[in-house]
Amino acid sequence: MVKTIDNKCFICQKPVPDYRPQFCCNGIDCGCMGLPIEPCVCSDNCYVALMSGIGKPYNERREDAGIDIYIDNNK
Ligand SMILES: [Zn+2]
Ligand SMILES: [Zn+2]
């Protein structure tokens, strides 16, 4: 499946240019809900934060893990 998605870390919003999302399906009648199989995260830290806070909003997971949101200084 081809689908465009923002290649940004779910936790800190840092761009992840080499992220290639793989989709299971479009989510109809499936537990994947049309989301990529591998989450888009920039680092192991963000991956751990993502996985350890399941059920919480992304922002809260980031704060709990002590990760700062990514600021793009090139804008
Ligand atoms: Zn990140
Ligand atoms: Zn699926």
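This text gives an overview of the structure that appears in the document.

Here is what the cut-offs are and how they apply
Residues numbered from 1 in each chain as written. Chains lettered and ligands numbered in written order. Predicted model: local features only at pLDDT ≥ 70, side-chain atom pairs only at ≥ 80, totals over all residues. Helix = DSSP H or I, 4+ residues; strand = E, 2+ residues; numbered from the N terminus. Buried ≥ 20, exposed ≤ 12 C-beta atoms within 10 Å, placed from the backbone. Contact = placed C-beta atoms within 7 Å.

**Examining the overall build of the protein chain**
Along the backbone of the protein chain there are 2 helices and 0 strands. When the backbone C-alpha atoms are referred to their principal axes, the protein chain occupies close to 35 × 30 × 20 Å. Within the protein chain, the fraction of its 75 residues that count as buried is 15%. Once local pairs closer than 6 in sequence are excluded, the contacts in the protein chain between residues at least 24 apart make up 45%.

**A few points about unusual backbone geometry**
The phi angle at Gln-13 is positive, at roughly 75°, despite the residue not being glycine. Relative to the elements of secondary structure, Gln-13 occurs in the segment before α1 (44-52). Positive phi, close to 60°, is recorded for Asp-29, a residue that is not glycine. Relative to the helices and strands, Asp-29 is located in the segment before α1. Residue Asp-29 is classed as exposed on the basis of its 6 C-beta neighbours within 10 Å.

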